Amino acid sequence: MLVNQLPLVIHPEVKSALADNHAVVALESNVITHGLNYPANMETALAVEAAVRRSGAVPATIGICDGEIFIGMNQEQIERFATTSSITKVSSNNLPFVLAQKGMGATTVASSLMLAELAGIDFFSSAGIGGVHRGGEYSMDISSDLIQFTRSRVTVVCAGAKNILDIGRTLEFLETQCVPVVTYQTDDFPAFYCRSSGYRSPQRLDSLAEVARAIDINHALPGSAAMIVATPTKPEDAIDSDDVQAAIQNAIKKAATEGVTGSLVTKFIMKAVEQATYGRSATANSAVLVNTAEVAGQLAVVYHSQH
């Protein structure tokens, strides 16, 4: 169907769930195309959807296929994303162009939020949000995710932000932009596959029912948009934050020595962390995706049970 002339294709299961006020959790497709290699990316995408279903909610993986916005994909469509090379990474800023050219696009956090809201989905799950990059106070390299949080009324369940980012400045930016941030059953703000970023959470809640009530209140307040609900990965799936920090600091020094600057620094650090963890980061990446999806589904079910 067309929503304001946008080619929106909602999967029948998702459409039925929305019509019945059933819990639905939106998922990004960028993790399929720009995260893991095939077949791990395919297996992880299906495992994430299965985690949402275990919680009692319906998954809706979002992507752009041949100029159409897919809200929910079948296995064949997910496999196409997993096996097709050079799919464009689509954020809020380049979404109109990918749609106009009738191409394929893998949605990021920012574009997924925009499209989830368009479809009427209240919850979105991601492993980690974008943030202020290291050196961002000079480069102004700040993820569009942070701006989109101020525009989309969708609750974001994540495992915090990646340690390669400047998490302190990321939290400061969110506070400045009046984006509510809460952690679930932990005092620390998590850092992707590390259970702690080293920064205290702005707010802790231990009950999903309390989080659901806070979401309702947030929606009722004028000018509010998204809420960030951060939940740490399971202890058995986590990577020690000290190991990651050591790898990051070594990579930053090496990047400066080799003259690596700008956006290339982030890629340089990511590669260094992967090497330092001997590939454990890939396994931990999948685990955190599954865990956040399950918690997002649980929260969505609790929220919809109150409405």
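All residue numbers here refer to positions counted from 1 along the written sequence of the relevant chain. At least 70 in pLDDT is required for a residue's local features to be given in this predicted model, at least 80 for side-chain atom pairs to be given and counted, and no such filter applies to totals for whole chains, interfaces and linings, which use all residues. To get the side-chain values, take all heavy atoms of the structure and skip hydrogens and water.

If you check an unreviewed UniProt entry, the protein chain appears there as Pseudouridine-5'-phosphate glycosidase from Xenorhabdus poinarii G6. UniProt positions are given in the numbering used here, feature names are shortened, and annotations may be inferred rather than shown by experiment. Within the UniProt record for the protein chain, the comment given under Function (unreviewed entry) is "Catalyzes the reversible cleavage of pseudouridine 5'-phosphate (PsiMP) to ribose 5-phosphate and uracil. Functions biologically in the cleavage direction, as part of a pseudouridine degradation pathway." The UniProt entry for the protein chain carries this comment under Subunit (unreviewed entry): "Homotrimer."

Novice: Is there a simple way to think about the pattern of salt bridges in this case?
Specialist: For side chains bearing opposite charge, pairing can occur when the charged atoms are close. Here a salt bridge means any side-chain nitrogen of Lys or Arg lying within 4 Å of a carboxyl oxygen belonging to Asp or Glu. For the structure shown, the criterion picks out seven salt bridges. With a shortest N-O distance of 2.7 Å, Glu13 and Arg53 are connected by a salt bridge. With Glu13 in helix H1 (residues 12-19) and Arg53 in helix H3 (residues 40-54), this pair connects stretches of sequence that are 40 residues apart. Note on exposure labels: buried denotes an accessible area under 20% of the residue type's maximum, exposed denotes more than 50%, and partly exposed covers the range between, all computed with a 1.4 Å probe on protein chains only. Taking relative accessible area as the criterion, Glu13 reaches 31% and is therefore assigned partly exposed. For Arg53, a relative accessible area of 40% translates into the label partly exposed. Notably, a salt bridge pairs Arg54 with Glu294, separated by 3.4 Å at the nearest N-O pair. You can see Arg54 sitting in helix H3 and its partner Glu294 sitting in helix H13 (residues 280-305), a full 240 residues away along the chain. Bridged by salt links that share partners, the residues Glu137, Asp166 and Arg169 form one connected network. By the criteria applied, helices consist of DSSP H or I runs no shorter than four residues and strands consist of E runs no shorter than two, each listed in order from the N terminus.

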